[in-house]
Amino acid sequence: MCRNPLYAGTLLMAFSVAVFLQSLTLFGAIILVGGLYLWITVPIEERRLKAVYGDRFTAYCRRVPRLLPNPALYTAPETINVRMTGIRAEFLRMLQWSGVPIICYFVEHLRMLPWWPTPLSLP
């Protein structure tokens, strides 16, 4: 759908943070820094890919947009093979990371108790 889905997704996530924080300054900074990064990085990557893949990559560039996805280009195979070991590993990883907010919540709660040490408290 686009040649640089990771860059497009990262920019969308960064824009969503700016919108969530209601920061026009952050939004502008993301446009400036992200645009500069893409303007420098993507052409370098594409030159390398053209050197490796030649005319096949050139044809791909003509067909697929650089950054803005074209949903009309979406295709999916009729069947998808799934390895259950991979799904299990990702599920276990998700369970581990889902514990982080819970631990943070309990630590925050413990910090409010009078017996919690505060060696570096600020006035």
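Refer to the preceding data block for the structure.
About the cut-offs
Residues numbered from 1 in each chain as written. Predicted model: local features only at pLDDT ≥ 70, side-chain atom pairs only at ≥ 80, totals over all residues. Heavy atoms only, no water. Salt bridge = Lys/Arg side-chain N within 4 Å of Asp/Glu carboxyl O. Helix = DSSP H or I, 4+ residues; strand = E, 2+ residues; numbered from the N terminus. Buried < 20%, exposed > 50% of the residue type's maximum accessible area, 1.4 Å probe, protein only. Core = buried A, V, L, I, M, F, W, Y, C linked by side-chain atoms within 4.5 Å. Contact = heavy atoms within 4.5 Å. Expected span 1.5 Å × (residues − 1). Arc of directions from axis to C-beta.

Peer 1: I'd like to hear about the pattern of salt bridges, residue by residue, with values.
Peer 2: In total, this model carries three salt bridges according to the counting rule given. Of the charged contacts, one joins Glu46 and Arg66 as a salt bridge, the two residues approaching to 2.6 Å between their closest N and O atoms. A residue pair is termed long-range when its members are at least 10 positions apart, and Glu46 in helix α2 (residues 24-53) and Arg66 in the loop between α3 (55-63) and α4 (84-111) qualify at 20 residues. Of the residues examined, Glu46 reaches a relative accessible area of 11% and is grouped as buried. Glu90 serves as the salt-bridge partner of Arg93, at 2.3 Å between the closest nitrogen and oxygen. Of this pair, Arg93 and Glu90 both sit in helix α4, three residues apart, which is roughly one turn of the helix. Among the charged side chains, a salt-bridge network with shared partners connects Arg3, Glu46 and Arg66.

Peer 1: So, the nonpolar core: which residues are in play, and what are the values?
Peer 2: Within the largest apolar cluster, six residues are counted, these being Tyr7, Leu11, Ala18, Ile30, Leu38 and Val42. Of all the secondary-structure elements, those providing two or more residues to this core are α1 (5-20) and α2. Sequence-distant contacts of Leu11, defined by excluding residues within four places in its chain, comprise Ile30, Gly34, Leu38 and Leu67.

Peer 1: So what's going on with α1? Which residues, and what values?
Peer 2: Look at α1: 22 Å from first C-alpha to last across 16 residues, which is about the 22 Å you get at 1.5 Å a residue. Turning to α1, its buried residues number three or more, namely Tyr7, Ala8, Leu11 and Ala18. Burial along α1 is one-sided: seen end-on, the buried residues are contained in an arc of 95 degrees. Turned more than 90 degrees away from the buried face of α1 sit Pro5, Leu6, Leu12, Met13 and Phe20, all of them exposed. On the buried face of α1, the contacting elements are α2. After α1 finishes, the residue Gln22 shows a positive phi value of roughly 55 degrees.

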